[in-house]
Amino acid sequence: MRRIITIWITLVLSLGVYAQKKEMAQAKEFVKKGTNLPQAESLMKNLLKDSANRTNEKIWLILFEAQKKQYDQGNEKMYLKQQLDTATLFDAAKRMFKTLEGLDSVDMMPDEKGKVKLAYRKKHAELLNVYRKNLFNGGAFFINQKKYKEAYEYFDLYIDCARQPLFTDYKYDETDTAMPEAAYWAVYCGYKIQDPKATLHHTYLALKDTAHHQYMLQYLAETYKLEKDDKRYVEALTEGFRRYPKFQFFFPRLIEYYAETGEWSKALEVCDEGLAKDSTNVLYRFSKSSVLLSMKRYDECVAICKSLLAECDTLYGVHLNAGLAYFNKAVEMDKNISKQPSRRKEINQLYKEALPYIEKYRAKAPEQKQMWGLPLYTIYLNLNMGKEFEEIDKLMR
């Protein structure tokens with residue numbers, strides 16, 4: 001019985017080896033004739049799915065030749081200006097790299113004596129080095145197609161060559177000046193598909209790309225916000241603002257963050273830092289007026305607003321800030337009127353001061369009723385403006 005089982009196992013193994021050799025021979029024939037190349041590639045990939053075949057160098061080599069022949073045929077069509085799906089050309093190049101990197105991992109396995117004898121590395125590294133630029137170009141191609149996930153794979157593979165043993169002699173980290181730019185585009189693609197892991201994977205290298213440094217800090221900031229990492233989010237915004245104060249992304253988001261967290265003194269520091277670099281900047285001055293309003297430093301707020309309006313009377317947000325500064329100051333005094341009844345005249349004067357600013361804002365932004373409705377209601381009531389009060393009273397109901 002045992003002998004029968006042994007014979008049966010031997011027969012099954014023999015049939016398996018025969019089938020394997022038949023598929024390899026078929027694939028080699030396809031490659032030689034330059035026909036059915038995707039089928040030849042599929043045959044070899046199926047063989048490699050069996051772990052027992054993964055150390056068979058011949059299978060890897062046939063697989064690579066099938067891929068390279070597809071690339072060469074596509075390249076020839078492009079040269080002859082024949083119809084070609086460009087994506088398939090780049091994809092063939094990508095597969096070539098993955099195949100020879102896989103073969104290199106087999107090539108570097110030690111023999112029975114524990115020695116490593118590299119049979120293919122030098123030749124294959126030289127060959128792929130010629131094609132490597134296609135990985136960069138493939139990434140750029142897919143970015144233009146807005147296929148950012150695919151583009152990321154190309155840039156990631158391009159960068160990854162630097163750590164692959166296959167390319168040890170090329171020292172891409174030291175010699176390839178395009179590496180930081182490739183890393184930037186990889187980060188960009190990760191950012192576009194909102195994949196924090198992909199975005200942050202090549203950050204260190206991408207920050208060396210000085211041409212896109214401000215955008216890098218923007219993508220990092222937005223990624224940290226996506227991950228709810230407030231500390232790093234603020235650090236990225238702060239560095240970005242200090243390095244690139246004219247880049248419009250960083251300043252407003254810093255102010256917004258400090259406003260949401262109620263850290264008004266820090267918001268004021270950011271405004272002052274901006275004004276130290278550009279004292280006439282309208283955004284910095286308007287933002288400072290808003291921060292001072294929130295800090296209840298009303299007189300300083302009004303002073304900035306008047307300065308801005310003297311230069312440009314169409315900034316309706318500035319009208320609102322000035323009006324609210326007068327209005328809020330009046331309301332706070334009104335709360336304590338029972339203790340100081342003699343100040344009613346002063347309070348009403350503040351309401352009068354607030355009135356034209358808030359009415360101007362209402363005229364410019366009629367849809368913003370939540371901003372001007374209650375202040376005007378209160379002012380009309382306190383100043384005994386019957387007609388205006390009746391109108392606003394109906395509007396507020």
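Located above this text is the structure these notes cover.
Structure report, in brief. Since the structure is predicted, the reported quantities are computational estimates derived from the model, not experimental observations.

Some points on unusual backbone geometry
So, step 1. At Asn 36, a position not held by glycine, the phi torsion is positive, near 50°.
So, step 2. For Asn 36, the location among the structural elements is in the loop between helix H1 (2-33) and helix H2 (37-48).
So, step 3. Residue Lys 296 is not a glycine yet carries a positive backbone phi of 65°.
So, step 4. With respect to the helices, strands and loops of the structure, Lys 296 is situated in the loop between helix H16 (282-294) and helix H17 (298-311).

Points about a nonpolar patch on the surface
So, step 1. On the surface, Met 108, Val 116 and Leu 118 cluster together to form a nonpolar patch covering roughly 240 Å² of accessible area.
So, step 2. Here Val 116 shows up in the loop between helix H4 (86-107) and helix H5 (121-131).

So, the nonpolar core
Most often, soluble globular proteins have nonpolar side chains that are buried together.
So, step 1. With 121 residues, the main nonpolar core has Met 44, Phe 97, Leu 128, Tyr 158, Ile 159, Phe 167 and Ile 379 as its most contacted residues.
So, step 2. Element by element, the count of residues in this core is highest for H4, at 10 residues.
So, step 3. Setting aside chain neighbours within four positions, we find Phe 167 in contact with Phe 97, Glu 101, Ala 125, Leu 128, Asn 129, Cys 161 and Tyr 172.

A closer look at the environment of Leu 383
So, step 1. Mapped onto the elements, Leu 383 comes out in the loop between helix H20 (369-382) and helix H21 (386-396).
So, step 2. Each C-alpha atom of the pair Leu 383 and Tyr 351 lies 7.7 Å from the other, and the pair is 32 residues apart in sequence.

Details of the pattern of salt bridges
So, step 1. In the structure shown here, the tally under the stated rule is 28 salt bridges.
So, step 2. The closest approach of N and O atoms between Glu 263 and Lys 266, which form a salt bridge, is 3.2 Å.
So, step 3. On the accessibility criterion, Glu 263 (25% relative accessible area) is partly exposed.
So, step 4. Asp 393 serves as the salt-bridge partner of Arg 397, at 2.9 Å between the closest nitrogen and oxygen.
So, step 5. Taking relative accessible area as the criterion, Arg 397 reaches 77% and is therefore assigned exposed.

Brief notes about H17
So, step 1. The end-to-end C-alpha distance of H17, which contains 14 residues, comes to 20 Å, matching closely the 20 Å that a straight helix rising 1.5 Å per residue would cover.
So, step 2. Where H17 is concerned, the buried positions are Tyr 298, Cys 301, Val 302, Ile 304, Cys 305, Leu 308 and Leu 309. Angular distribution of buried residues about the axis of H17 spans 165°; they occupy a single face of the element. Turned more than 90 degrees from where H17 packs its buried face, Asp 299, Ala 310 and Glu 311 sit exposed.
So, step 3. Turning to H17, the residues buried within the fold contact H16, helix H18 (316-335) and helix H19 (344-364).

The rules we used
- Residues numbered from 1 in each chain as written.
- Predicted model: local features only at pLDDT ≥ 70, side-chain atom pairs only at ≥ 80, totals over all residues.
- Heavy atoms only, no water.
- Helix = DSSP H or I, 4+ residues; strand = E, 2+ residues; numbered from the N terminus.
- Patch = residues over 30% accessible without salt bridge, like charges linked within 9 Å, V, L, I, M, F, W, Y side chains within 5 Å.
- Areas by Shrake-Rupley, 256 points an atom, 1.4 Å probe, with all protein chains shown as cover.
- Salt bridge = Lys/Arg side-chain N within 4 Å of Asp/Glu carboxyl O.
- Core = buried A, V, L, I, M, F, W, Y, C linked by side-chain atoms within 4.5 Å.
- Buried < 20%, exposed > 50% of the residue type's maximum accessible area, 1.4 Å probe, protein only.
- Contact = heavy atoms within 4.5 Å.
- Expected span 1.5 Å × (residues − 1).
- Arc of directions from axis to C-beta.

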